[in-house]
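A closer look at the structure
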Amino acid sequence: MQKRLTVSVSQYSTKGRKEINQDFYDLRIPKVPLLSTKGIAIALADGISSSQVSQVASKVAVSSFLADYFSTPESWTVKTSAHRVLTATNAWLYAQNHQNLFHLDKDRGYLCTFSALVLRSTTAYLFHVGDTRIYRFRDGHFEQLTEDHRLWVSQNESYLSRAVGMDSHLTIDYERFDIEEGDLFLLMTDGVYEHVNKAFMQQMIVENQERFENSAKMIVDQAYAQGSSDNLTIQLVRVDALPSKNIDEINLQLENKSFPPRLEPRERFDGYEIVRVLSSSSRSHVYLAYDQERETSVVIKALAVESSEDRAYLERFLMEEWIARRINNAHVLRAYPQSQKRNYIYNVTEYIEGETLTQWMIDHPKPTLEVVRKLIEQIAKGLYAFHKLEMIHQDIRPENIIIDKTGTVKIIDFGSTKVEGIKDINTGIEQENLQGTALYSAPEYFIGLEGSFRSDIFSVGVIMYQMLSGKSPYGVKVARTQTKAAQKKLKYQPLALYRSDIPIWVDKAIQKSLSVDPSARYGELSEFIYDIYNPNKKFLTQSNRPLVEENPLLFWQLFSFSLGVIIVFLLLRS
């Protein structure tokens with residue numbers, strides 16, 4: 001039975017000696033599969049005392065964080081999800097302050113301090129603004145994990161230097177660290193930590209191991225008894241069990257389902273009728289089938305029995321459908337949602353009637369620039385669907401691009417795709433340095449660096465270059481370079497060597513996408529697509545430089561060719 005992340009919780013809040021409670025706290029423990037992909041979230045906010053509306057800010061900050069965090073894509077990292085949510089909340093509170101003129105006196109506005117902790121798999125993610133605090137109690141020792149954002153003007157006088165809703169730009173402290181079974185995290189407001197020492201808190205924790213739910217109230221009662229005049233709120237979260245590093249829904253399939261037998265045409269299988277075998281190998285068997293419920297043709301990819309011992313491959317196989325179900329784009333292969341019980345391990349995707357880009361290039365050896373641009377634009381649109389979900393395809397090549405009968409481009413094969421949001425969960429997948437096919441892979445892969453969105457852009461650049469020239473910009477030299485120094489010696493071959501009808505600014509755009517240094521490439525696919533349709537002034541300026549400066553190699557190649565022609569002409573005349 002697979003272990004799951006399990007926690008015990010004790011939390012308590014009171015207005016104390018104040019008229020109202022301006023603190024707010026809450027947590028969410030979702031069910032599977034969100035428990036593995038998004039984790040458990042705990043949040044605490046403290047409204048500033050000088051404001052009559054800060055309790056609203058506290059409630060909005062905590063409630064919005066917990067609701068919206070779990071609504072962000074599962075493929076996003078915890079950091080991206082939390083930052084997007086907190087930035088949006090800050091913008092809303094800041095706008096409310098301006099609408100109500102609270103920006104003239106920030107101490108009266110919708111402001112609060114905020115601390116949150118997300119526990120996912122075996123990792124904790126901390127987000128903090130202000131002077132609420134998060135502590136960790138481990139092996140009998142307390143450690144303060146947050147830093148107070150408070151500016152002291154004298155020994156007895158200070159004010160908040162950072163709070164949610166205070167400024168249009170929110171700076172959030174972020175930390176990430178491993179967690180262990182038995183770790184205890186404490187989130188509390190200053191009304192508590194300023195009046196209770198660590199020795200008392202440790203005593204309460206130790207004495208209430210069996211009645212853990214009472215610990216929070218006992219600590220708050222002690223702070224009150226010690227004269228705290230502020231609101232008092234504390235949350236205690238103890239890690240009782242850590243999970244296996246696997247996505248639950250994938251791991252459950254591997255545990256509970258077997259591999260299907262080899263299927264033959266006309267055979268009925270889980271509501272499908274097999275039409276024919278599309279391909280077969282020691283890894284998998286691919287069939288064209290008819291979905292009797294949807295009344296449409298589909299592709300079934302089933303694992304071969306020979307793959308049963310390769311755990312990493314099995315996880316990647318199931319991840320392909322996991323990824324496809326989360327991308328809804330006309331230029332990406334679609335996975336059909338599971339409408340009936342599956343008795344075996346296999347994937348079901350749409351059937352695309354068409355040809356690969358590899359075959360298309362064979363059939364169209366000299367396509368026009370306009371045709372190439374339209375195809376590249378479609379590839380970019382499909383790839384952008386991956387990037388906006390923080391996924392890197394990592395294997396963009398002509399064999400993984402299909403053009404259907406209507407001329408629509410679709411990206412297929414997600415076996416190498418890296419999902420930023422779950423790469424620290426699925427360790428089996430990440431044990432291998434997946435880098436696609438050498439001819440289309442970015443240089444950084446070959447010196448042991450991780451891929452990024454810019455790596456996919458490099459692959460798109462290679463494809464466009466190949467479609468226009470029939471050649472590769474660097475050939476196999478990229479795969480042979482093992483150091484940055486060697487990579488710096490790689491020279492881009494201008495398209496002018498093969499085609500005189502390609503504008504220099506288009507060539508320059510492709511060259512930028514193919515920069516050996518990832519930081520010199522386009523940061524976004526949209527920028528690349530814009531530049532292959534619209535002349536970039538920077539490229540036009542560069543193109544006015546003498547050819548001997550712009551591209552010495554091309555200059556001397558053309559010079560040698562011209563000299564050879566002259567010599568032949570003179571010899572023929574003599």
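As the structure is a prediction and not an experimental result, all values here were calculated from the model.

1. Observations concerning the sheet that holds strand 1 (residues 6-14)
Spatially, the 5 strands line up as an open sheet ordered 1-12-11-6-7, and their pairing is antiparallel. Single-partner strands in this sheet number two, and they are strand 1 and strand 7 (141-144). Mean inter-strand twist for the sheet, computed between neighbouring axes without regard to direction, equals 20°. Against the sheet, helix 6 (residues 215-225) contacts strand 1 and strand 12 (232-241), and its axis sits at roughly 150° relative to strand 12.

2. Points about the pairing of strand 3 (residues 40-47)
With 8 of 8 residues buried, strand 3 is to be regarded as a mostly interior element. Burial of strand 3 is two-sided: the residues Ile-40, Ile-42, Leu-44 and Asp-46 facing one way and the residues Ala-41, Ala-43, Ala-45 and Gly-47 facing the other way are all buried. With 6 bridges joining them, strand 2 (residues 23-28) and strand 3 adopt antiparallel strand pairing. What sits directly across from Asp-23, in strand 3, is Asp-46. Note: strand 3 against strand 4 (residues 112-120), 8 bridges, orientation antiparallel. Its bridge partner being in strand 4, Gly-47 is matched across the sheet by Cys-112.

3. A word on the sheet that holds strand 20 (residues 401-404)
With antiparallel pairing, 3 strands are arranged side by side in an open sheet as 18-20-21. Looking along the sheet, the strands with just one partner apiece sit at the ends: strand 18 (354-356) and strand 21 (409-411). Neighbouring strand axes in the sheet, compared pairwise and without regard to direction, differ in orientation by 30° on average. Where strand 20 lies against strand 21, 3 bridges are found, and the strand directions are antiparallel. Bridge pairing in strand 21 places Ile-401 opposite Ile-411. The strands that helix 10 (residues 369-387) touches are strand 20 and strand 21; relative to strand 21, the one it contacts most, it runs at about 35°.

4. A closer look at the packing of helix 5 (residues 198-207) against helix 6
For any two helices packed against each other, one specifies the crossing angle of their axes together with the interaxial distance. Look at helix 5 against helix 6: their axes get within 9 Å of each other, and the N-to-C directions meet at 150°. Of the possible angle classes, the one that applies to helix 5 and helix 6 is roughly antiparallel. For the element pair helix 5 and helix 6, the recorded crossing hand is right-handed. Contacts between helix 5 and helix 6 involve Phe-200, Met-201 and Met-204 from the first element and Ser-215, Met-218, Ile-219 and Gln-222 from the second. Classifying every residue of the contact of helix 5 with helix 6 gives 5 nonpolar, 2 polar and no charged.

5. Considering the side chain of Ser-515
Structurally, the position occupied by Ser-515 is in the loop between helix 15 (504-513) and helix 16 (525-533). On the basis of relative accessibility, which here comes to 15%, the residue Ser-515 falls in the buried class. Among the polar contacts made by the side chain of Ser-515, one reaches the main-chain carbonyl oxygen of Lys-512 at a distance of 2.9 Å. Once residues within four sequence positions are removed from consideration, Ser-515 is found in contact with Phe-458, Ala-520 and Arg-521.

6. Focus on the packing of helix 12 (residues 453-469) against helix 15
Remark: helix 12 packs on helix 15, axes separated minimally by 8 Å, with the N-to-C direction vectors making an angle of 140°. The angle between helix 12 and helix 15 falls in the class oblique. Handedness of the crossing formed by helix 12 with helix 15: left-handed. Residues Ile-457, Phe-458, Gly-461, Met-464, Tyr-465 and Leu-468 of helix 12 form the contact with helix 15, whose own contacting residues are Val-506, Ile-510 and Ser-513. Class assignment of the residues belonging to the contact of helix 12 with helix 15 gives a composition of 7 nonpolar, 2 polar and no charged.

The rules behind these values
- Residues numbered from 1 in each chain as written.
- Predicted model: local features only at pLDDT ≥ 70, side-chain atom pairs only at ≥ 80, totals over all residues.
- Heavy atoms only, no water.
- Pairing = 2+ DSSP bridges.
- Helix = DSSP H or I, 4+ residues; strand = E, 2+ residues; numbered from the N terminus.
- Axes fitted to C-alpha atoms, helices over the stretch in contact; angles between N-to-C directions.
- Contact = heavy atoms within 4.5 Å.
- Buried < 20%, exposed > 50% of the residue type's maximum accessible area, 1.4 Å probe, protein only.
- Parallel < 35°, antiparallel > 145°, perpendicular 65-115°, else oblique.
- Left-handed = near helix turned anticlockwise from the far one by under 90°.
- Nonpolar A, V, L, I, M, F, W, Y, C, P; charged D, E, K, R; others polar.
- Polar contact = N/O pair within 3.5 Å; in protein donor to acceptor, adjacent residues only side chain to side chain.

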